[in-house]
Amino acid sequence: MIRVGQGFDVHKFEEGRPLIIGGITIPHDRGLAGHSDADVLLHTITDAALGAIGEGDIGRHFPDTDAAFKDADSSVLLEEIWKLVNERGYKLGNIDCTVIAERPKMSPHIKTIQARVAELLQADISQVNVKATTSEKLGFTGREEGIAAMATILLQKS
């Protein structure tokens, strides 16, 4: 049996925070605003995994009204959800992710992000695709107000 889930997330830029995408810190003049570390890609992946197993979204499991998740490491949150995925008897088939940002340029970081996501999902790097695009200077990402990400995940029964 297979299950498919999709995720989408957006975070605006904020001064004085590190920029964390895909579980790695990327040099940039601003980070992303959020209750946790605001890792837009890992939040998207977490939502995709939750969608595939029919368990709602990241906000249901880690509400931004709960002080316990203030500045939380999104890698830890994804690991928690991945345990739930495994308990339900699923493993990763593959995942395809897109980061949407004008700046910083993501291409120098894609392989490192891919490796980190594969590690978090207990998978081979060949099962994880991460790519980046711009929005051609249109919309909030084009105006460099924030970053968006989306992902589609395929889970297979173990």
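Here, the structure is the one placed above.
The following refers to the structure shown.

How each quantity is defined
- Residues numbered from 1 in each chain as written.
- Predicted model: local features only at pLDDT ≥ 70, side-chain atom pairs only at ≥ 80, totals over all residues.
- Heavy atoms only, no water.
- Helix = DSSP H or I, 4+ residues; strand = E, 2+ residues; numbered from the N terminus.
- Polar contact = N/O pair within 3.5 Å; in protein donor to acceptor, adjacent residues only side chain to side chain.
- Contact = heavy atoms within 4.5 Å.
- Phe/Tyr/Trp six-rings, centres within 6.5 Å; stacked < 30°, edge-to-face > 60°.
- Buried < 20%, exposed > 50% of the residue type's maximum accessible area, 1.4 Å probe, protein only.
- Lys NZ or Arg CZ within 6 Å of the ring centre and 35° of its normal.
- Pairing = 2+ DSSP bridges.
- Expected span 1.5 Å × (residues − 1).
- Axes fitted to C-alpha atoms, helices over the stretch in contact; angles between N-to-C directions.
- Parallel < 35°, antiparallel > 145°, perpendicular 65-115°, else oblique.
- Left-handed = near helix turned anticlockwise from the far one by under 90°.
- Nonpolar A, V, L, I, M, F, W, Y, C, P; charged D, E, K, R; others polar.
- Salt bridge = Lys/Arg side-chain N within 4 Å of Asp/Glu carboxyl O.

## Brief notes about the side chain of Ser135
So, point 1. Note that Ser135 resides in the loop between strand S6 (128-133) and helix H5 (139-142).
So, point 2. Separated by 2.5 Å, the side chains of Ser135 and Thr141 make a polar contact.
So, point 3. Contact partners of Ser135, with chain neighbours within four places excluded, come to Ile100, Glu102, Thr141 and Gly142.

## Comments concerning the packing of aromatic side chains
So, point 1. According to the stated counting rule, one finds 1 aromatic pair in the structure shown.
So, point 2. Centroid distance Phe62 to Phe69: 5.2 Å. Interplanar angle 80 degrees. Geometry classified as edge-to-face. Just as Phe62 is buried, Phe69 falls in that class too.
So, point 3. When the ring centre of Phe13 is taken as reference, the NZ or CZ atom of Arg30 above it lies at 4.2 Å.

## Quick word on the pairing of strand S1 (residues 2-14)
So, point 1. Relative to strand S7 (residues 146-157), S1 is paired through 11 bridges, and the arrangement is antiparallel. Paired with Asp9 across the two strands is Ala149, which belongs to S7.

## Remarks on helix H3 (residues 74-87)
So, point 1. Under the 1.5 Å per step criterion, the end-to-end length of H3 is 20 Å for 14 residues, consistent within 8% with the ideal 20 Å.
So, point 2. Residues of H3 that are buried: Ser74, Ser75, Leu77, Leu78, Ile81, Trp82, Leu84 and Val85.
So, point 3. Buried residues along H3 sit against helix H1 (40-52), helix H2 (58-61), strand S5 (90-100), helix H4 (110-120) and S7.
So, point 4. Two to three positions downstream of the cap, the backbone nitrogen of Ser75 sits 2.8 Å from a side-chain oxygen, assigning the N-cap of H3 to Asp73.
So, point 5. Of the residues one or two after H3, Gly89 is the one with positive phi, at around 90 degrees.

## Let's talk about the packing of H1 against H3
So, point 1. The contact between H1 and H3 brings their axes to 10 Å, and the two run at 15 degrees. Here H3 runs roughly parallel to H1, going by the angle between their axes. The element H1 and its partner H3 pack so that their crossing is left-handed. In this structure, H1 uses Leu42, His43, Ile45, Thr46, Ala49 and Leu50 to contact H3, whose residues at the interface are Ser74, Ser75, Leu78, Ile81, Trp82 and Val85.
So, point 2. Split by residue class, the contact of H1 with H3 holds 8 nonpolar, 4 polar and no charged.

## Considerations on the pattern of salt bridges
Charged atoms that come close allow side chains of opposite charge to pair.
So, point 1. Under the counting rule described, the total for this entry stands at 11 salt bridges.
So, point 2. Residues Glu144 and Arg103 are paired through a salt bridge, measuring 2.8 Å at the closest nitrogen-oxygen approach. Here the residue Glu144 occupies a position in the loop between H5 and S7, and Arg103 occupies one in the loop between S5 and H4, the gap between them amounting to 41 residues.
So, point 3. A cluster of three or more residues bridged by salt bridges with shared partners is formed by Arg17, Lys70 and Asp71.

By themselves, these figures tell us nothing about what the structure is for.
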